Amino acid sequence: MWLSACTALGVAPTPTTVPPTEVPSPVPATATPVVEPTAVPFTPTPLPQAYPLHIQVIRSDTNDPAPLVALIERNAAMLGIPVLVSVRSPDGVYGVVQAGIATESVDAWIGSEYDLQQLQFLNAVQPGQPGTLPANHVPLFTEAVQYHATYAVTALAARNYLVAVYNTELMDQAPTTTAELMNLGAYVQGRISYRMAFSWPEGRWFAVLLDSMGATQTLTSSASLLDEESAVVALQSLTDLRTLGPRDATTYADATTDMIWWRAPYSWDGDAAIRRYEVYSDTMTMAVEPLPLYTASGQALRAPVDVVYAIPSVTARPEYAGDLQKLLTQLQSPLVQAELVRTMRWIPVNLDAQNSLQDDAVWPALAAIQGSLTAQHYDAVTICRWDVYESILPFVLLRDMSVRAGVEAINQKLTQCAEAR
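For the structure given in this document, a descriptive report is provided here. (Residues numbered from 1 in each chain as written. Predicted model: local features only at pLDDT ≥ 70, side-chain atom pairs only at ≥ 80, totals over all residues. Heavy atoms only, no water.)

## Regarding the overall build of the chain
Tallying secondary structure elements over the chain gives 15 helices and twelve strands in all. Intrachain contacts of the chain at a sequence separation of at least 6 include 79% that bridge at least 24 residues. Counting only carbon and sulfur atoms, one obtains 54% of the accessible surface of the chain, whose full area is about 17700 Å². (Helix = DSSP H or I, 4+ residues; strand = E, 2+ residues; numbered from the N terminus. Contact = heavy atoms within 4.5 Å. Areas by Shrake-Rupley, 256 points an atom, 1.4 Å probe, with all protein chains shown as cover.)

## Topic: helix H8 (residues 228-242)
Helix length check: H8, at 15 residues, gives a terminal C-alpha distance of 21 Å against a target of 21 Å (1.5 Å per residue), a fit within 8%. Within H8, twelve of the 15 residues are buried, which leaves the element mostly enclosed by the surrounding structure. Among all positions of H8, only Ala231, Val232, Val233, Ala234, Leu235, Gln236, Ser237, Leu238, Thr239, Asp240, Leu241 and Arg242 are buried. Looking at the buried residues of H8, the elements they touch are helix H5 (178-181), helix H6 (203-212), strand S9 (293-294), helix H14 (380-397) and helix H15 (403-414). (Expected span 1.5 Å × (residues − 1). Buried < 20%, exposed > 50% of the residue type's maximum accessible area, 1.4 Å probe, protein only.)

## Things to note about the packing of helix H1 (residues 66-78) against helix H11 (residues 321-331)
The angle between the axes and the distance between the axes are what describe a pair of packed helices. Their axes nearest at 10 Å, the elements H1 and H11 cross at an angle of 120 degrees. As H1 runs across H11, the sense of the crossing is right-handed. Touching Leu71, Ile72, Asn75, Ala76 and Met78 of H1 are Leu327, Gln330 and Leu331, all from H11. Residue composition of the contact of H1 with H11, by class: six nonpolar, two polar and no charged. (Axes fitted to C-alpha atoms, helices over the stretch in contact; angles between N-to-C directions. Left-handed = near helix turned anticlockwise from the far one by under 90°. Nonpolar A, V, L, I, M, F, W, Y, C, P; charged D, E, K, R; others polar.)

## Some thoughts on the sheet that holds strand S1 (residues 53-58)
Reading across the sheet, the six strands line up as S2-S1-S3-S11-S4-S12 and stay open at both edges, with mixed pairing between neighbours. In this open sheet, the two edge strands, each paired with only one partner strand, are strand S2 (83-88) and strand S12 (347-348). Across six bridges, the pairing between S1 and S2 is parallel. Paired with His54 across the strands is Leu84, a residue of S2. Of the strands in this sheet, S1, S2 and strand S3 (108-112) are in contact with H1, which crosses S2 at around 170 degrees. (Pairing = 2+ DSSP bridges.)

## Digging into the nonpolar core
Grouped together as the largest cluster of nonpolar side chains are 109 residues, with contacts concentrated most on Trp109, Leu119, Phe206, Tyr266, Trp268 and Tyr389. Looking at which element gives the most residues to this core, the answer is H14, with ten residues. Counting residues in each nonpolar core, the second largest holds 25 residues, with Leu53, Leu68, Val308 and Trp346 among its members. (Core = buried A, V, L, I, M, F, W, Y, C linked by side-chain atoms within 4.5 Å.)

## Describing the packing of aromatic side chains
What the rule picks out here adds up to four aromatic pairs. Relative to Tyr378, the ring of Tyr114 has its centre 5.1 Å away and its plane inclined at 80 degrees; by these criteria the two rings are edge-to-face. Residue Tyr114 is found in helix H3 (residues 113-121), and its partner Tyr378 is found in the loop between helix H13 (363-369) and H14; the two are separated by 264 residues along the sequence. An identical accessibility class is assigned to Tyr114 and Tyr378; each is buried. Judged by centre distance (6.1 Å) and plane angle (75 degrees), the ring pair of Phe198 and Trp205 falls under edge-to-face. By relative accessible area, which is 13% here, Trp205 ends up buried. Among the aromatic side chains, those forming a connected cluster through ring pairs are Tyr114, Tyr378 and Trp386. (Phe/Tyr/Trp six-rings, centres within 6.5 Å; stacked < 30°, edge-to-face > 60°.)

## Topic: the pattern of salt bridges
Taken as a whole and assessed by the stated rule, the structure comprises eight salt bridges. Across the pair Arg74 and Glu339 runs a salt bridge, and its minimum N-O distance is 2.2 Å. In this pair, Arg74 is assigned in helix H1 and Glu339 in helix H12 (residues 334-344), connecting sequence segments 265 residues apart. For Arg74, a relative accessible area of 37% translates into the label partly exposed. In this structure, the salt-bridge partner of Arg263 is Asp258, at a minimum N-O distance of 2.6 Å. Look at the salt bridges and you will find they share partners, linking Glu228, Glu229 and Arg404 into a network. (Salt bridge = Lys/Arg side-chain N within 4 Å of Asp/Glu carboxyl O.)

## Points about H3
Across the nine residues that make up H3, a large majority, eight, are buried. Every buried residue of H3 is listed here: Glu113, Tyr114, Asp115, Leu116, Gln117, Gln118, Leu119 and Gln120. Two residues or fewer after H3 comes Asn123, characterised by a positive phi angle close to 60 degrees.

## Focus on the state of the cysteines
Working definition: the covalent bond between the sulfur atoms of two cysteines is a disulfide. Under the criterion given, the structure shown has one disulfide. The disulfide partner of Cys384 is Cys417, and the gap between their sulfur atoms is 2.2 Å. An S-S torsion of about -85 degrees defines the bridge between Cys384 and Cys417 as left-handed. Here Cys384 is found in helix H14, whereas its partner Cys417 is found in the segment after H15, with 33 residues between them in sequence. The class for Cys384 is buried, based on a relative accessible area of 11%. Exposure remark for Cys417: the relative accessible area of 0% places this residue in the buried category. (Disulfide = S-S within 2.5 Å.)

What follows is the structure, encoded as structure tokens:
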């Protein structure tokens, strides 16, 4: 998503001598909350036998979770399994678990990778062998399940990917490279406020650029620093792409609203935004494609994704284990997985779902990227790196600091991440 418009888009800028720059006091980073491993043990009273199988959906965004709840309830009914499906926010779930409130006990949660890791910190996840994967499954789930090999979790889908989304009434086609993206105005027909909708800054997007430049090979330990020349190219790309957006930083809600109201023709986003845009399909004609190639590296841009798991609780009642397994097997079946794609816009764990998605407008873009995706993990070092990026990025993106000085400042602060292990 980020490429230099004035350096032949792909050639690192010629190093220049920059006087030592005093790093401004960083703006407060929007830190991803991390639950400390020293949590209060989770020992609530188990649910009584009369209580039905209780599955709690951890609501991870502002989109309506009703389609997922309905899907679980409908498939449980087909199997003759009485089920209670509730919804709670992530912080609500973590707080209830940490407090050990017995009346809120669940047999299993449906949550993302981040939710799983926080519940592990709280000692709330049932140990054991992970649930089986479908015989024909997307490769990224193999690594994801192996990462949690000592927990009885079941992978259901993946979300939080990045794809290109554009309004076909304003653009006939999307750029195929980030070099073309910098000339986005040539593709646009009609009056718009700005060319690309997104919310800045975003340390994770910077990380995607770095990964495309080979950072996954060089950032091999908590003490690793950014390769300066590659980081300069990536940060220059991010700075140039910033010029496609609004003059002032926007919130995520502002960015999606601008797309809906035709103030911007193009964006990079994922499942949550696609679902929101589809609500307005009568007035906004939307197309979805894989992200363009990053011209500086010649590689496709691929954001790591969050796997969605069924997460059995340590207080799950053993007499319901069979019903839970039957339901999870059903949720991994091809027809149900296809419904997850249509209603939630998630990437299915079961490749056989594609047989029922031939007429789906979004599926071709998801099918094109699913084989090359990797799973995101939320260890302390990763979160520390994101926070460091986000503490420096505003200064560079708003032109208060040069790109090279920004990279130097980031490397100065990254030393603290070695202490996060």
